[in-house]
Amino acid sequence: TEDPGPLINWLLKGRSELNGMDRLAVNFLFLFVRTPANILRRGVGLMTQPVTGPVKTVAKLAKGDTQGARLEAADTALAGMVMAGLAAKALNGDLVSNGPKGEAERKMFTAQGGQPHSIKIGNTYYPTKLFGPVGVEMEAVAAAWEAYAESKAGAPTEQVLSQMAGNLKNAMLEQSF
């Protein structure tokens, strides 16, 4: 199985102190914690790879791990291309986080088949939650674009970042891990 990360591992350690039915119930419930944690961790990893990848590549080269460096560079290039494609979809209005705020725009958007937290492929909108870890990246790009597009000219950076964080929070709550 995949390592879910330090936070989930810390939570999982508490299971060893339980007995019988309590332990069985907690083991069952942790299936619903581990899977979302892995999807979210992978999604955030994809999202940050274009920034962190070059640093990891250089670190691997410094250690003499040329194969690892090549793989890291390839992951970085692929993640960057996916991010660029998603950014293009967002700019065209085909990648949506919360969607239009105004009532008239929202009615027109839904009349055309649009829905919040979705990506338009062809003439159909598909929920981003169907795309697993890539859906997390889709939501981050859509949330960033909507926050930027909705911000008033000259709005403080903190306000735009706060709007983006709010959009991303709503998107994560929509995910059906």
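Scroll up to find the structure.
What you are looking at is a predicted structure, and each value in this text was computed from that prediction instead of being measured.

1. Re the packing of aromatic side chains
Tallying each qualifying case throughout the model produces two aromatic pairs. Measuring from ring centre to ring centre gives 5.5 Å for phenylalanine 109 and tyrosine 125, while their planes differ by 75°; the resulting arrangement is edge-to-face. You can see phenylalanine 109 sitting in helix 4 (residues 103-111) and its partner tyrosine 125 sitting in strand 3 (residues 124-127), a full 16 residues away along the chain. Taken as a pair, phenylalanine 109 and tyrosine 125 share a single burial class, namely buried. Measuring from centroid to centroid gives 5.6 Å for tryptophan 145 and tyrosine 148, while their planes differ by 40°, and the two rings are tilted. Of this pair, tryptophan 145 and tyrosine 148 are both found in helix 5 (residues 132-150), three residues apart, which corresponds to roughly one turn of the helix.

2. A closer look at a nonpolar patch on the surface
Nonpolar side chains collect at one region of the surface, where Phe28, Leu29, Leu31 and Phe32 lie side by side and expose about 460 Å² of accessible area between them. Considering the arrangement of structural elements, one finds leucine 29 in helix 2 (residues 20-62). The exposure class assigned to leucine 29 is exposed, which follows from its relative accessible area of 53%.

3. A word on the nonpolar core
Among the nonpolar cores identified, the biggest contains seven residues, and these are Leu86, Ala90, Leu95, Ile119, Met138, Val141 and Ala142. At the level of elements, helix 3 (66-91) and helix 5 are the ones that each hand at least two residues to this core. Broken down by element, the residue count for this core peaks at three residues, all from helix 5. When residues no more than four places from it in sequence are discounted, the contact partners of leucine 86 are Leu95, Ile119, Glu137, Met138 and Val141.

4. Remarks on the pattern of salt bridges
Note on pairing: side chains with opposite charge can pair once their charged atoms come close. According to the stated counting rule, one finds four salt bridges in the structure shown. Lysine 107 is paired through a salt bridge with glutamate 103; the nearest N and O atoms lie 3.7 Å apart. Of the two residues, lysine 107 and glutamate 103 are both situated in helix 4; the distance of four residues between them amounts to about one turn of the helix. With respect to burial, lysine 107 and glutamate 103 carry one shared label: exposed. Here the salt bridges do not stand alone but share partners, grouping Lys56, Lys60 and Glu72 into one network.

5. What about the packing of helix 1 (residues 6-13) against helix 2?
Where helix 1 contacts helix 2, the two axes come as close as 10 Å, and the packing angle between them is 170°. Considered as vectors, helix 1 and helix 2 are oriented roughly antiparallel to each other. In this structure, helix 1 crosses over helix 2, and the sense of that crossing is left-handed. Listed contacts from helix 2 to Ile8, Leu11 and Leu12 of helix 1 are Phe30, Val33, Arg34 and Ala37. Taken together, the residues of the contact of helix 1 with helix 2 break down into six nonpolar, no polar and one charged.

6. Some points on the pairing of strand 3
When strand 2 (residues 118-121) meets strand 3, the two strands line up antiparallel, connected through four bridges. Bridge pairing links serine 118 to proline 127 in strand 3. The antiparallel hairpin formed by strand 2 and strand 3 contains two residues in its connecting segment, where glycine 122 sits at a positive phi of about 70°.

7. Here's the deal with unusual backbone geometry
Even without a glycine there, the phi angle at histidine 117 is positive, about 55°. With respect to the helices and strands, the residue histidine 117 is situated in the loop between helix 4 and strand 2.

How each quantity is defined
Throughout, residues of each chain are indexed from 1 in the direction in which the sequence is written. It should be noted that, the model being predicted, local features are given only for residues of pLDDT at least 70 and side-chain atom pairs only at 80 or more, the latter also being counted only at that level, while totals for whole chains, interfaces and linings use all residues. The side-chain figures draw on all heavy atoms in the structure; neither hydrogens nor water molecules are used. Side-chain rings of Phe, Tyr and Trp, where Trp is taken by its six-membered ring, are said to pair if the distance between their centres is within 6.5 Å; with planes under 30 degrees apart they count as stacked, over 60 as edge-to-face, and otherwise as tilted. Comment: elements are numbered from the N terminus, with helices defined as DSSP H or I runs of at least four residues and strands as E runs of at least two. Note on classification: 1.4 Å probe, protein chains only; a residue is buried when its accessible area is under 20% of the maximum for its type, exposed when over 50%, partly exposed between these limits. Exposure above 30% relative accessible area and the absence of a salt bridge qualify a residue for a patch, where like charges join within 9 Å and nonpolar side chains (Val, Leu, Ile, Met, Phe, Trp, Tyr) within 5 Å. The protein chains shown are the only cover counted for residues, whose accessible areas, like all others here, come from Shrake-Rupley with a 1.4 Å probe. The rule for a salt bridge is simple: a side-chain nitrogen of Lys or Arg has to be within 4 Å of a carboxyl oxygen of Asp or Glu. The set of buried Ala, Val, Leu, Ile, Met, Phe, Trp, Tyr and Cys residues whose side-chain atoms join them within 4.5 Å is what this entry labels a nonpolar core. Residues are treated as being in contact if the distance between any of their heavy atoms lies within 4.5 Å. Fitted lines through C-alpha atoms give the axes, limited to the stretch in contact for helices. The angle between two N-to-C directions lies from 0 to 180 degrees. Should an angle fall under 35 degrees it is taken as roughly parallel, and over 145 as roughly antiparallel, whereas 65 to 115 is taken as roughly perpendicular and any remaining angle as oblique. By convention, the crossing between two helices is left-handed when the near helix turns anticlockwise from the far helix through less than a right angle, and right-handed when the turn is clockwise. Residues are grouped as follows: nonpolar covers Ala, Val, Leu, Ile, Met, Phe, Trp, Tyr, Cys and Pro; charged covers Asp, Glu, Lys and Arg; every other residue, Gly included, is treated as polar. DSSP bridges decide pairing: two strands pair if at least two such bridges lie between them.

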